[in-house]
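Chains, contacts and geometry: an overview
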Amino acid sequence: AQSVAQPEDQVNVAEGNPLTVKCTYSVSGNPYLFWYVQYPNRGLQFLLKYITGDNLVKGSYGFEAEFNKSQTSFHLKKPSALVSDSALYFCAVRDKAGGGNKLTFGTGTQLKVEL
Amino acid sequence: EAGVTQFPSHSVIEKGQTVTLRCDPISGHDNLYWYRRVMGKEIKFLLHFVKESKQDESGMPNNRFLAERTGGTYSTLKVQPAELEDSGVYFCASSQNNRGLEAFFGQGTRLTVV
């Protein structure tokens, strides 16, 4: 069975400061990893993914995430937060080999960026 | 290119009534998924279509939920009869035929059963 943990319900950061949203995962095989963002009254929007290769992946809006196999983590990062980054962030995993095509999501982390 | 669209965006129904949600995937996407988020919890998988066939319906909570995808285009998810615990946001997503590709999500249907 596959699972995702997002240990923080909410992350607060000042504009201009770096941000990190944490995610750890569990799959029986190798993972495909994804980050999605949900802005208020909007659907889920794809941010970035790790498939294979370089452990540091870059995505939309200046976000990046680092795949760490030994720690089974895929933390989302941004060097300088903007107020407009305030949203709900979801980490998701898909097993490369088994478990079907479904994504397994974490519970989400609310990011609040303040002036 | 149009994205994934869902109708309605909101629905408030009484316990025992029937509701049908609709999803129009991105044109050319064979894979169509339904997910649900109950307040404050994780987004949970309900089922997966490949074209008109149900590939995986392991997440469907019970037989009050019926999903169809006639002709392999749009999909409907019917809840009959609705219960209070069915309240939540129902998301539809679609993707192309590659497990490494991301799924594109609709804006969701917020269902409230009172």
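For the structure itself, consult the block above.
Residues numbered from 1 in each chain as written. Chains lettered and ligands numbered in written order. Predicted model: local features only at pLDDT ≥ 70, side-chain atom pairs only at ≥ 80, totals over all residues. Heavy atoms only, no water.

Section: the pairing of strand S6 (residues 44–50) of chain A
Residue and element names in this part refer to chain A. To keep it simple, the criterion reads: One requirement defines pairing of two strands: DSSP has to find at least two bridges between them. Here a strand is any run of E in DSSP of at least two residues, a helix any run of H or I of at least four, and the numbering for each starts at the N terminus.
When strand S5 (residues 31–38) meets S6, the two strands line up antiparallel, connected through 6 bridges. Residue Val37 lies in a different strand from S6, and its bridge partner there is Gln45. Connecting S5 to the next strand, S6, in antiparallel fashion are 5 residues, including Asn41 with a positive phi near 60 degrees.

A word on unusual backbone geometry
Residue and element names in this part refer to chain B. Across the junction of Phe7 and Pro8, the peptide omega takes the value -15 degrees, indicating a cis bond. Secondary-structure assignment places Pro8 in the loop between strand S1 (5–7) and strand S2 (10–13). The omega angle of the peptide bond from Gln80 to Pro81 is -10 degrees, so this bond is cis rather than trans. Position of Pro81 among the secondary structure elements: in the loop between strand S8 (75–79) and strand S9 (88–95). The backbone of Lys51 sits at a positive phi, close to 55 degrees, despite the residue not being glycine. Residue placement: Lys51 occurs in the loop between strand S5 (43–50) and strand S6 (53–56).

A few points about the interface of chain A and chain B
Using the following cut-off: Residues count as neighbours in contact if any of their non-hydrogen atoms are within 4.5 Å of one another. The quantity reported as buried area is the accessible area (1.4 Å probe) lost by two parts once they are put together, taken as the sum for both. Basic side-chain nitrogens of Lys or Arg form a salt bridge, by our definition, when they fall within 4 Å of a carboxyl oxygen of Asp or Glu. We call two N or O atoms a polar contact when they sit within 3.5 Å, provided that within protein one can donate a hydrogen and the other can accept it, with sequence-adjacent residues counted only if both atoms are side-chain atoms. Classes in brief: Ala, Val, Leu, Ile, Met, Phe, Trp, Tyr, Cys and Pro nonpolar; Asp, Glu, Lys and Arg charged; the others, Gly included, polar.
If you look at the interface, chain A gives 24 residues, while chain B gives 21 residues. Interface of chain A and chain B: buried area, both sides summed, is about 1,800 Å²; carbon and sulfur atoms make up 52% of it. Contact with chain B buries area across many residues of chain A, yet Leu44, Asn101 and Lys102 of chain A alone supply 30% of it, more than any other trio. Counting across the chain A and chain B interface gives 1 salt bridge. Between Lys49 of chain A and Glu102 of chain B there is a salt bridge; the shortest N-O distance is 2.8 Å. Run the count over chain A and chain B and you get 6 residue pairs in polar contact (both at pLDDT 80 or more). Secondary-structure elements contributing two or more residues to the side of chain A that touches chain B are S5, S6 and strand S10 (87–95) of chain A. Within the side of chain A that touches chain B, the residues separate by chemical class into 11 nonpolar, 7 polar and 6 charged.

Points about the state of the cysteines
All names here are of chain B. Here is the rule we go by: Cysteine sulfur atoms are paired as a disulfide whenever they come within 2.5 Å of each other. Summary of the burial criterion: residues with accessible area below 20% of their type's maximum are buried, those above 50% are exposed, and those between are partly exposed, where the area comes from a 1.4 Å probe applied to protein chains only.
Counted by the stated rule, this structure contains 2 disulfides over all chains. Paired through a disulfide, Cys23 and Cys92 show a sulfur-sulfur distance of 1.8 Å. Between Cys23 and Cys92, the disulfide has an S-S torsion of -65 degrees and is therefore left-handed. Taken as a pair, Cys23 in strand S3 (residues 19–24) and Cys92 in strand S9 lie far apart in primary sequence, 69 residues in all. With relative accessibility at 0%, the residue Cys92 sits in the buried group.

Structural notes on the pairing of S2 of chain B
Look at any regular strand and the pattern is simple: side chains alternate between the two faces of the sheet. Residues and elements named next belong to chain B. Residues of S2 alternate between two faces, with Ser11 and Ile13 buried on one and His10 and Val12 left unburied on the opposite face. In this sheet, strand S11 (residues 109–113) lies alongside S2 in parallel orientation, the contact comprising 4 bridges. Within S11, the residue paired with Ser11 across the bridge is Leu111.

Overview of the packing of aromatic side chains
This is how it is decided: Stacked, tilted and edge-to-face pairs are distinguished by plane angle, under 30 degrees for stacked and over 60 for edge-to-face with tilted covering the rest, among Phe, Tyr and Trp rings (Trp via its six-membered ring) whose centres lie within 6.5 Å.
Applying the stated criterion across every chain yields a total of 14 aromatic pairs over all chains. Here Tyr25 of chain A and Phe67 of chain A contribute two aromatic rings whose centre-to-centre distance is 6.2 Å and whose plane-to-plane angle is 25 degrees, an arrangement assigned as stacked. Here the residue Tyr25 of chain A occupies a position in strand S4 (residues 24–26), and Phe67 of chain A occupies one in strand S8 (residues 64–68), the gap between them amounting to 42 residues. Just as Tyr25 of chain A is buried, Phe67 of chain A falls in that class too. Between Tyr50 of chain A and Phe67 of chain A, the ring centres sit 4.1 Å apart and the planes meet at 20 degrees, which makes this aromatic pair stacked. Placement of Tyr50 of chain A in strand S6 and of Phe67 of chain A in strand S8 is noted, with a sequence separation of 17 residues between them. For the pair shown, Tyr50 of chain A and Phe67 of chain A are each scored as buried. An aromatic cluster is built from Phe34, Tyr36, Phe46, Phe90 and Phe105 of chain A together with Tyr33, Tyr35, Phe45, Phe91 and Phe105 of chain B, whose rings are joined through pairwise contacts.

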